[in-house]
Amino acid sequence: MTLAGLVRRYCTPRRRRRIHAGACMVTWAAYLVLFAPLYRAAGPGVAALAALPVLLTASLYGIVPGIAAALLADVATLLLLTSVGLDGAPSRALVQWACPAVALLVVAAGVGRLRTLRNRLASQIEERRNVEAALERSERMFRSVVEQSVDGIVLIDDQARVTIWNAAEERITGISRSEALGQHLADLQLSLATEEQRTPEARARLQEVFQRFISTGEAPWLSKPMEREFRSRDGKKHTVQSIIYPFSIDGRRMYGSINRDVTEQRRAERIIEASLREKDVLLREIHHRVKNNLQIIASLLELQGDNISDPQALTQLAEGQQRIQTMALVHENLYRSADLAYVNLAEYVADLAEQLCATRGVQSERIEVTVDVADVRLGVDTAIPCGLLINELVSNSLKHAFPGGRAGRVRVTMRHDHEHITLEVSDDGVGLPPGLDHRATSTLGLQLVNLLTEQLRGQLSLLAGPGTTFRITFPLPANRGAAVGAEGRRLATPAPSMGATSTADRTADGPYGWDAQSASEALP
């Protein structure tokens, strides 16, 4: 490597400029200092040495600086010749140094031009090398990404012939890259078909479909995920999710396909769906059996009442039987519902009111019972105490509010906001006896109402006015299972299954959501 090449390679541009300036200054200084001794030794011809700094300046800085250096050299040479004396022959001396100087100046100009062209060509070559290196790095990265992808990647040209077929596509289809490259995609698809499907008509039809798709660039499944099933070369059945997308290279329309093998995912989904169906059947069977068992208990109480002649005891048995049927109705609604996690309160309360009227023999033309319940769905742990509250309050109104065949109305309403549910049971009957404290009473019904309100962490209030109106406000359970419809825009955690109720829950709240020990203590 030349000295100039070493300077270009190992020196910064700033240092190179300093080296060039230093070389020019040293050359000019040497010429000016050595001119007189060389003139006395060699004669006027030494003036031709002025071409050396001119040549160096032109080669380092170009033609224009070289011409300026040549003019400067002419002036300097004339001054130096005058200082040493020309012996009356200035014309001869001037010709002796000027002709070689002009020739060297022309050579310097040509060398400077060639140097400029060489530098420009070297810069273009270097730029091209950098572009080629960047392109090679980009291609290696692209190849690496394509080969390392877990999804099959296929690229086809404007003739539907395969140009890229990665390793994942080899694993999915069983077709090697060497076999796939350059092949028509229709032929590759036919190679995965059965012997009966590999007919000339099928091949022609496939080629026609591909040709129409490639010529128009339009298809309903373009750039949209689609799923298909096929058998690979080893006979295994695969489910593949694919998306085909168009792109253009140098004006040529091409297409890529990304194929993901979702066979195991679909198999796991089928197993989960089968398990969910099995558990759905199991839960429905559980609710059905619980409802039947509660109905059996109610029937046993009814049979027991056949052997009792005391009217007060019969009334208490009938009320207990109605409470059991209220709980059984929750499980019946869950058994019939499409959603096994929640009880639809609108349907449940309507069925409960109808059942209460039928049990007590209420004549609809005398006492009208209306239900106005918003779209509220509650889990079993909340729905059962809520249903028992409605049972006690509606039964109390039907039993005591309309004595002597008096006509009237009983109304059940339920509203909710984002955080609370408000239940109101009202009648336009005779009202409660004066001085009766509904919070401290000896009757089992109102004691249960207070206990169930506490269980729901709610507040019980008796509104003033004609008739009787009980209002119970309780929070939407955050972790016990509750849901409200579109009006409330809230969904909470589903209720835990009955089999998952802990011992602590059964001790504190009872198996159906109220304190069974306190209820037994409230019995007369």
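The rules behind these values
- Residues numbered from 1 in each chain as written.
- Predicted model: local features only at pLDDT ≥ 70, side-chain atom pairs only at ≥ 80, totals over all residues.
- Heavy atoms only, no water.
- Pairing = 2+ DSSP bridges.
- Helix = DSSP H or I, 4+ residues; strand = E, 2+ residues; numbered from the N terminus.
- Axes fitted to C-alpha atoms, helices over the stretch in contact; angles between N-to-C directions.
- Contact = heavy atoms within 4.5 Å.
- Core = buried A, V, L, I, M, F, W, Y, C linked by side-chain atoms within 4.5 Å.
- Buried < 20%, exposed > 50% of the residue type's maximum accessible area, 1.4 Å probe, protein only.
- Phe/Tyr/Trp six-rings, centres within 6.5 Å; stacked < 30°, edge-to-face > 60°.

1. Details of the sheet that holds strand β7 (residues 367-373)
Alright, step 1. The strand order across the open sheet built from five strands is β7-β9-β10-β12-β11, with neighbouring strands paired in mixed fashion. Every other strand in the sheet has two partners, leaving β7 and β11 (459-463) as the edge strands with one partner each. Geometrically, the sheet is characterised by an average inter-axis angle of 10 degrees between neighbouring strands, direction not taken into account.
Alright, step 2. With seven bridges joining them, strand β9 (residues 408-416) and strand β10 (residues 420-427) adopt antiparallel strand pairing. By the bridge assignment, R411 is partnered in β10 with S426.
Alright, step 3. Across the sheet, helix α14 (residues 444-455) lies against β11 and β12 (468-475), angled at about 135 degrees from β11, the strand it touches most.

2. Some remarks on the pairing of strand β3 (residues 226-231)
Alright, step 1. Of the pairings in the sheet, the one linking β3 to strand β4 (residues 237-249) comprises six bridges and is antiparallel in character. Residue pairing in the sheet places M226 in a bridge with S242 of β4.
Alright, step 2. In this structure, the hairpin formed by β3 and β4 is closed by a connection of five residues, where G235 is found at a positive phi of approximately 90 degrees.

3. Brief notes about the nonpolar core
Alright, step 1. Counting residues in hydrophobic clusters, the biggest one holds 49 residues, and the most contacted among them are L345, Y348, I390, M414 and L423.
Alright, step 2. Sorting elements by how many residues they give to this core places helix α13 (residues 380-400) first, with 10 residues.
Alright, step 3. Excluding its chain neighbours within four sequence positions, the residues that come into contact with L423 are C386, L389, I390, V412, T413, M414, F470, R471 and I472.
Alright, step 4. If you look at the next biggest cluster of nonpolar residues, it comprises 16 residues, including I156, V162, L188 and I214.

4. Some remarks on the pairing of β10
In regular strands, side chains alternate between the two faces of the sheet.
Alright, step 1. Across the eight residues of β10, six count as buried, placing the element largely inside the fold.
Alright, step 2. Between the end of β9 and the start of β10, which pair antiparallel, lie three residues.
Alright, step 3. Sheet topology note: the β10/β12 ladder contains eight bridges and is antiparallel. For L423, the partnering residue across the bridge sits in β12 and is I472.

5. Overview of the packing of aromatic side chains
Alright, step 1. Per the stated rule, a full pass over the model turns up one aromatic pair.
Alright, step 2. Both rings, one in Y245 and one in F247, keep their centres 6.2 Å apart while their planes meet at 35 degrees; by these two values the pair is tilted.
Alright, step 3. The exposure class of Y245 is partly exposed, given its relative accessible area of 27%.
Alright, step 4. Judged by its relative accessible area of 24%, F247 is partly exposed.

6. Comments concerning the sheet that holds strand β5 (residues 252-261)
Alright, step 1. An order of β2-β1-β5-β4-β3 is seen for the five strands of this open sheet, with the pairing classed as antiparallel. In this open sheet, the two edge strands, each paired with only one partner strand, are β2 (162-165) and β3. Ignoring which end each strand starts from, the neighbouring axes of this sheet average 30 degrees apart.
Alright, step 2. Sheet strands touched by helix α9 (residues 200-216): β4 and β5. Its angle to β5, the strand with the most contacts, is close to 120 degrees.
Alright, step 3. Running over the sheet, helix α10 (residues 263-305) touches β3, β4 and β5 and is turned about 135 degrees from β4.

In short, the description is geometric, and any link to function would need to be established separately.
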